[in-house]
Amino acid sequence: MSFQRFLLRRAFTVLPLLIGVVFITFMLVRIGGLDPVGRLAGPTATQAEFDSIRENLGLDQPLWQQFGIYLGNVIQGDLGESWLSNRPVLTDIKERAIISLELLFWGVGIGALVGVPVGLRAAFRPNGKFDQVTRVLSLLGFSIPTYWLALVMIFVFFYLLGWAPPAIGRMSLLISPPDQITGSYLIDGLLTANWEAAWSSASQLVLPVICLAVVSAAPIIKQTRAIAIEVLASDTVRYAHACGLPEKNVRKLVLRNSAVPVLTFVGTEVTGLVGTMSLIEYVFAWGGLGQYGLNAIISGDFTAVQGYVLVLALFSVLVFVVIDIVVHLIEPRSELN
């Protein structure tokens, strides 16, 4: 029952948060100065045509009434229709979500697999050569702009060395996509034994995944090192050293006590990288959810922007709920009893 109460409390916390996100996004996109009516009507439209489009979109009504209608539609699962694609926003998001999740999974996964061990090793020998090199590389990872890193990697590995394929999307234009099962070309190619499609998809993944892994590994290294150093200075670890425990056992103790804060930070990093990923998708013409949201913002597609932000908020909430559940399984807390 305690775990059920925990989930119920999280649900009551999530609902007001999502409503607040819907309201803030709704207001921001309308006071940002972008008017979609002019884009839809065209330069030769008459005033009557302007008024007709504004009425059809419901933009002639008071803001509070527009928000009430939009909120009611969202509750029913209707995120509206994109003014650029003339398709339901939810349909566009569903088609692009798996594309972004594939990139996010590999990028953050590799970044965490590299960042956590490197940060721990640097913490176990602070101010050593490895620690100094690690801090410099982590600082570089923080400092390099994401889009610049992506462009440099394309220039070096595609243009100069010829090792990577051109940045034209998720697969070579000369290869037919595999039969759709999951939406991931790599997984679908493997499941359908379409090895040519799977290889092309894997080769297209390399550069954007490396970019995202570099961007994610830098803060993970820094934070893991800081957490491990703090644990090493704790009374628990000093007592273990005083008792004469072998270094192997002490390190296991440090790993166990560092697991929860490191896991929480990685979860936070996942939600923060979704926005950063839009730049990577844009440079590599990836066609995922990040590129969709960025195009919607640039084009002033209010409905698509609102749906994009709402989905990101829901994704962030789900990530934190999953992290809370995993943390509870690793280290049960009194608040769940």
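Every residue gets a number counted from 1 within its own chain, in the order that chain's sequence is written. Side-chain atom pairs in this predicted model are given and counted only at pLDDT of 80 or more, local residue features only at pLDDT of at least 70, and totals for whole chains, interfaces and linings cover all residues. Note that the side-chain values use all heavy atoms of the structure and ignore hydrogens as well as water.

Q: I'd like a rundown of the overall build of the protein chain, residues and numbers included.
A: A count of helices and strands for the protein chain gives 13 helices and 0 strands. Structurally, the protein chain occupies a C-alpha span of about 85 × 55 × 40 Å along its principal axes. For the protein chain, the residues scored as buried account for 40% of the 337 residues in total. Taking all contacts inside the protein chain whose residues are at least 6 apart in sequence as the whole, residues at least 24 apart take part in 70%. Each accessible area is a Shrake-Rupley estimate made with a 1.4 Å probe; only the visible protein chains count as cover when residues are assessed. A total accessible area of about 18600 Å² is found for the protein chain, and carbon and sulfur atoms account for 66% of it. Here the protein chain carries 22 positive and 23 negative side-chain charges, and the mean point of each set is 17 Å from the other. Counting from the N terminus, the helices are DSSP H or I runs at least four residues long and the strands are E runs at least two residues long. Under the scheme applied here, a residue whose accessible area is under 20% of the maximum for its type counts as buried, over 50% as exposed, and between as partly exposed, the area being computed with a 1.4 Å probe on protein chains only. Residue contacts are defined here by distance: any two heavy atoms, one from each residue, within 4.5 Å place the two residues in contact. Counted charges follow a simple rule, with Lys and Arg positive, Asp and Glu negative, and His plus the chain ends left uncounted. Charged groups are reduced to one reference atom each: NZ for lysine, CZ for arginine, CG for aspartic acid, CD for glutamic acid.

Q: Kindly report on the pattern of salt bridges, identifying the contributing residues and their values.
A: Any carboxyl oxygen of Asp or Glu that lies within 4 Å of a side-chain nitrogen of Lys or Arg is treated as forming a salt bridge with it. On inspection of all chains with the given rule, the structure shows 6 salt bridges. Across the salt bridge formed by D92 and R87, the nearest N and O atoms sit 3.1 Å from each other. Under the relative-accessibility criterion, D92 is labelled buried at 2%. Look at R87 and you get partly exposed, because its relative accessible area is 29%. For D131, the salt bridge is made with R135, and the minimal N-O distance between the two is 3.7 Å. Residue D131 and its partner R135 are both found in helix α6 (residues 129-143); the two are separated by 4 residues, about one turn of the helix. For R135, a relative accessible area of 37% translates into the label partly exposed. One connected set of salt bridges, linked through shared partners, spans R87, D92, E95 and R96.

Q: Explain helix α9 (residues 195-232) residue by residue, including any values.
A: The length a helix should cover is 1.5 Å for every residue beyond the first. In this model, α9 (38 residues) spans only 48 Å end to end at C-alpha, well below the 56 Å of a helix rising 1.5 Å per residue. The angle between axes fitted to the seven-residue stretch ending at a residue and the seven-residue stretch beginning at it gives the bend at that residue. For α9, the principal kink sits at V206 and spans about 35°; a proline, P208, occurs within the next four residues.

Q: Tell me about the side chain of D188, and name the residues and values.
A: Position of D188 relative to the elements: it lies in helix α8 (residues 185-191). Pairs of N or O atoms are called polar contacts if they sit within 3.5 Å, as long as, within protein, a hydrogen donor faces a hydrogen acceptor (for residues adjacent in sequence, only side-chain-to-side-chain pairs). Polar contacts involving the side chain of D188 include one to the main-chain amide nitrogen of I181, which spans 3.2 Å.

Q: A description of the nonpolar core should follow, citing residues and the corresponding values.
A: Side-chain atoms within 4.5 Å are what join buried Ala, Val, Leu, Ile, Met, Phe, Trp, Tyr and Cys residues into a set we call a nonpolar core. The biggest cluster of nonpolar side chains holds 62 residues, and the ones touching the most others in it are L103, L104, C211, L212 and F284. Core analysis: the second largest hydrophobic core is formed by 6 residues, V14, V21, V317 and V321 among them.

Q: Would you mind going over the packing of helix α5 (residues 89-124) against helix α11 (residues 247-283) in detail, with residue names and values included?
A: Where helices are involved, their axes are fitted lines through C-alpha atoms of the stretch in contact, as for all axes, and angles between N-to-C directions lie from 0 to 180°. Taken N-terminus to C-terminus, the directions of α5 and α11 make an angle of 140°; their axes are 9 Å apart at the nearest point. Judged on the interaxial angle alone, α11 and α5 are oblique. Along this stretch, α5 crosses α11, giving a crossing that reads as right-handed. The segment α5 lies against α11, with S100, L103, L104, V108, V116, L120 and F124 engaging R251, V254, L255, V262, V270, L273, V274, M277, I280 and E281. Three categories are distinguished: nonpolar for Ala, Val, Leu, Ile, Met, Phe, Trp, Tyr, Cys and Pro, charged for Asp, Glu, Lys and Arg, and polar for the others, with Gly belonging to the last. A breakdown of the residues in the contact of α5 with α11 according to their chemical character gives 14 nonpolar, 1 polar and 2 charged. Relative orientations are named as follows: roughly parallel for angles under 35 degrees, roughly antiparallel for angles over 145 degrees, roughly perpendicular for angles from 65 to 115 degrees, and oblique for any other angle. Handedness of a crossing follows from how the near helix is turned relative to the far one, being left-handed for an anticlockwise turn of less than a right angle and right-handed for a clockwise one.

Q: Could you give an account of the packing of helix α10 (residues 235-242) against α11, naming the residues involved and the relevant values?
A: It is at 10 Å that the axes of α10 and α11 come closest, and there the two elements cross at 170°. Relative to α11, the element α10 lies roughly antiparallel. Every residue of α11 that contacts α10 at T236, V237, A240 and H241 is listed here: E247, V250, L253, V254 and N257.

Q: Help me get a handle on the packing of aromatic side chains, residues and values and all.
A: Side-chain rings of Phe, Tyr and Trp, where Trp is taken by its six-membered ring, are said to pair if the distance between their centres is within 6.5 Å; with planes under 30 degrees apart they count as stacked, over 60 as edge-to-face, and otherwise as tilted. Under the criterion given, the structure shown has 4 aromatic pairs. Ring centres 5.4 Å apart and planes at 20° place the aromatic pair F155 and Y159 in the stacked group. With a gap of 4 residues between them, F155 and Y159 both fall in helix α7 (residues 146-160), about one helical turn apart. Between F157 and W163 the ring centres are 6.2 Å apart and the planes differ by 40°, which places this aromatic pair in the tilted class. Two thresholds decide whether a charge sits over a ring: the Lys NZ or Arg CZ must be within 6 Å of the ring centre and within 35 degrees of the ring normal. One residue, R170, lies across the ring of Y185, its end atom 3.8 Å from the ring centre. Residue placement shows R251 over the ring face of F124; its charged tip is 4.4 Å from the ring centre.

Q: Summarise the confidence of the model for the protein chain; cite the residues concerned and give the values.
A: Looking at the protein chain as a whole, the pLDDT averages 83, with 92% of positions reaching at least 70. Known as pLDDT, the predictor's per-residue confidence is scaled from 0 to 100. No element of the protein chain has a lower mean pLDDT than helix α2 (residues 36-41), at 64, and none a higher one than α9, at 91.

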